[in-house]
Amino acid sequence: FEAGAVEGVRDACVVGRPDQHGETCLVAFYTCENDIPDSAFSKRISVRLPRFMLPARYVRIPELPLTVNNKVDR
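Residues numbered from 1 in each chain as written. Predicted model: local features only at pLDDT ≥ 70, side-chain atom pairs only at ≥ 80, totals over all residues. Heavy atoms only, no water.

A. Spatial organisation of the pairing of strand S2 (residues 24-32). Relative to S2, strand S1 (residues 9-18) runs antiparallel, the two being bridged by nine bridges. Counted as the bridge partner of Val14 is Ala28 from S2. In terms of strand pairing, S2 meets strand S3 (residues 57-60) through four bridges, oriented parallel. Directly across from Phe29, in S3, lies its bridge partner Val59. You can see the chain leave S2, run along helix H1 (residues 38-46) and come back into S3, and the turn it takes is right-handed. (Pairing = 2+ DSSP bridges. Helix = DSSP H or I, 4+ residues; strand = E, 2+ residues; numbered from the N terminus. Right-handed = clockwise from strand over helix to strand, strands pointing away.)

If you want it as structure tokens, here you go:
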């Protein structure tokens, strides 16, 4: 997502992670300016993305981990 693309969300990164069955699912890691619940973030991006691109899980974190080159450290 671009910065400011979703109201209240500062940064976000979506990655594929294995679920408990070994299948890959999308997980969104995000930081926010205020205390928005995961359901609000989910609802806000559901109007912007096709259903197959929506993450299965949402995880709010204090800040995205960055490499020394300021890229997201996945």
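Having put the structure on the table, let's press on.
B. Molecular detail of the nonpolar core. Judged by nonpolar contacts, Val6, Val9, Ala12, Ala28, Tyr30, Cys32, Ile36, Phe41, Ile45 and Tyr58 together constitute the single largest core of ten residues. Elements supplying a minimum of two residues to this core: S1, S2 and H1. At three residues, the largest contribution of residues to this core is made by S2. Setting aside chain neighbours within four positions, we find Tyr30 in contact with Val9, Asp11, Ala12, Ile36, Pro37, Asp38, Phe41, Tyr58, Val59, Arg60 and Ile61. (Core = buried A, V, L, I, M, F, W, Y, C linked by side-chain atoms within 4.5 Å. Buried < 20%, exposed > 50% of the residue type's maximum accessible area, 1.4 Å probe, protein only. Contact = heavy atoms within 4.5 Å.)

C. Broad picture of the sheet that holds S2. Across the sheet, which stays open at both edges, the three strands sit in the order S1-S2-S3 with mixed pairing between neighbours. Strands at the two margins of the open sheet, each flanked by one partner only, are S1 and S3. Here the strands of the sheet are splayed against their neighbours by 25° on average, with no regard to which way each runs. Sitting on the sheet, H1 is in contact with S1, S2 and S3, with an inclination near 120° to S3. (Axes fitted to C-alpha atoms, helices over the stretch in contact; angles between N-to-C directions.)

D. Quick look at the environment of Arg60. Take Arg60: it is sitting in strand S3. Overall, the relative accessible area of 36% leaves Arg60 in the partly exposed class. A C-alpha to C-alpha distance of 9.8 Å links Arg60 and Phe41, two positions 19 residues apart in sequence. With residues near it in sequence (within four places) discarded, Arg60 still touches Tyr30, Cys32, Asp35, Ile36, Pro37 and Asp38.

Interpretation note: all reported values are geometric properties and have no functional meaning in isolation.
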